[in-house]
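The lines below spell out each chain.
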Amino acid sequence: LANPQRARAQATERAVADARTKAEEIAKAAGLHIAGIKSIALEGAPGPIVRPMIMAKAAPAAPTQFDAGSVNVTVDVGVIFSAVP
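Here we summarise the structure given alongside this text.

About the cut-offs
- Residues numbered from 1 in each chain as written.
- Predicted model: local features only at pLDDT ≥ 70, side-chain atom pairs only at ≥ 80, totals over all residues.
- Heavy atoms only, no water.
- Helix = DSSP H or I, 4+ residues; strand = E, 2+ residues; numbered from the N terminus.
- Contact = heavy atoms within 4.5 Å.
- Core = buried A, V, L, I, M, F, W, Y, C linked by side-chain atoms within 4.5 Å.
- Buried < 20%, exposed > 50% of the residue type's maximum accessible area, 1.4 Å probe, protein only.
- Salt bridge = Lys/Arg side-chain N within 4 Å of Asp/Glu carboxyl O.

**Description of the environment of alanine 19**
Within the secondary structure layout, alanine 19 lies in helix α1 (residues 4-29). In this structure, the C-alpha to C-alpha distance between alanine 19 and isoleucine 80, residues 61 residues apart in sequence, is 9.3 Å. Setting aside residues up to four positions removed in sequence, alanine 19 forms contacts with Val79 and Phe81.

As structure tokens, then:
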């Protein structure tokens, strides 16, 4: 994996987009619309990340050697959306 930070960032973007898509489907079924995000947390992170103040912290790490093959990068996010009629 040439750039693990970028891979994690892309996985996070996809996870948040997937959460929003699912929330929009649920809201539509209930006759509602998503108005915004109330809170968002990255699983394993030390607490929720609340908008508008998003802080990230990364510690430098030594490169890790991998055998050739595929590498899966996964993240879990918890998002609370607000919905309106």
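**Considerations on the nonpolar core**
Side chains of a nonpolar character, in soluble globular proteins, are inclined to be buried together. Listed in full, the five residues of the largest apolar core are Ala19, Ala23, Ala27, Ile34 and Phe81. Of all the elements, α1 adds the most residues to this core, at three residues.

**Some details on the pattern of salt bridges**
Scanning the entire structure with this criterion turns up three salt bridges. One salt bridge connects glutamate 13 with arginine 6, and the closest N-O pair in it is separated by 3.7 Å. Glutamate 13 sits in the partly exposed class, given a relative accessible area of 48%. One salt bridge connects arginine 20 with glutamate 24, and the closest N-O pair in it is separated by 3.2 Å. Of the two residues, arginine 20 and glutamate 24 are both situated in helix α1; the distance of four residues between them amounts to about one turn of the helix. For arginine 20, a relative accessible area of 30% puts it in the partly exposed group. Classification of glutamate 24 by relative accessible area gives partly exposed; the value is 38%.

Geometric values such as these leave the question of function open.
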